Amino acid sequence: MTDHQLLEAILQKVTAIEKDQQATKEEMGIMKEEMGLMKEEIGSVRSELKEEIGSVRSELKEEIGSVNQNLKKK
């Protein structure tokens, strides 16, 4: 193998590595975006759950209060 051929082979390998590296960077960027969206969705679900739990607690407190009043009347 001549020096020129050797340099050409090295250049091809370096170019292939650079392409792979760029593809990996792009994939990582997409994954970061998707993770950000997932975090937003999780935050939204948490907020909805907190609201729902608060609502259920309020309803339960009212029911318990009503039951207590009914028991006191009897």
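Not measured: the values here are computed from a predicted model.

J.: Explain the overall build of the chain to me, and be specific about the residues and the numbers.
T.: When its secondary structure is counted, the chain shows one helix and zero strands. On C-alpha atoms alone, the chain measures out to a radius of gyration of 32 Å, which is more than a quarter above the 11 Å that the 2.2 N^0.38 rule sets for 74 residues. Taking the principal axes of its C-alpha atoms as reference, the chain extends roughly 105 × 15 × 5 Å. Counting the 74 residues in the chain, one finds 0% classified as buried. Carbon and sulfur atoms make up 57% of the accessible area of the chain, which totals about 7,300 Å². Distance from the positive charge centre (12 side chains) to the negative charge centre (16 side chains) of the chain: 15 Å.

J.: Can you explain a negative patch on the surface? Please cite residues and give values.
T.: Judged by side-chain charge, Glu48, Glu51, Glu52, Glu59, Glu62 and Glu63 come together as a negatively charged surface patch. Within the fold, Glu62 resides in helix H1 (residues 3–73). Assessed through its relative accessible area of 59%, Glu62 is described here as exposed.

J.: Describe in detail the environment of Asn68, supporting the description with residues and values.
T.: Residue placement: Asn68 occurs in helix H1. On the basis of relative accessible area, Asn68 is assigned to the partly exposed category, the value being 38%.

Definitions and limits used
Residues numbered from 1 in each chain as written. Predicted model: local features only at pLDDT ≥ 70, side-chain atom pairs only at ≥ 80, totals over all residues. Heavy atoms only, no water. Helix = DSSP H or I, 4+ residues; strand = E, 2+ residues; numbered from the N terminus. Rg over C-alpha atoms; globule rule 2.2 N^0.38 Å. Buried < 20%, exposed > 50% of the residue type's maximum accessible area, 1.4 Å probe, protein only. Areas by Shrake-Rupley, 256 points an atom, 1.4 Å probe, with all protein chains shown as cover. Lys, Arg positive; Asp, Glu negative; His and termini not counted. Charge placed at Lys NZ, Arg CZ, Asp CG, Glu CD. Patch = residues over 30% accessible without salt bridge, like charges linked within 9 Å, V, L, I, M, F, W, Y side chains within 5 Å. Salt bridge = Lys/Arg side-chain N within 4 Å of Asp/Glu carboxyl O.

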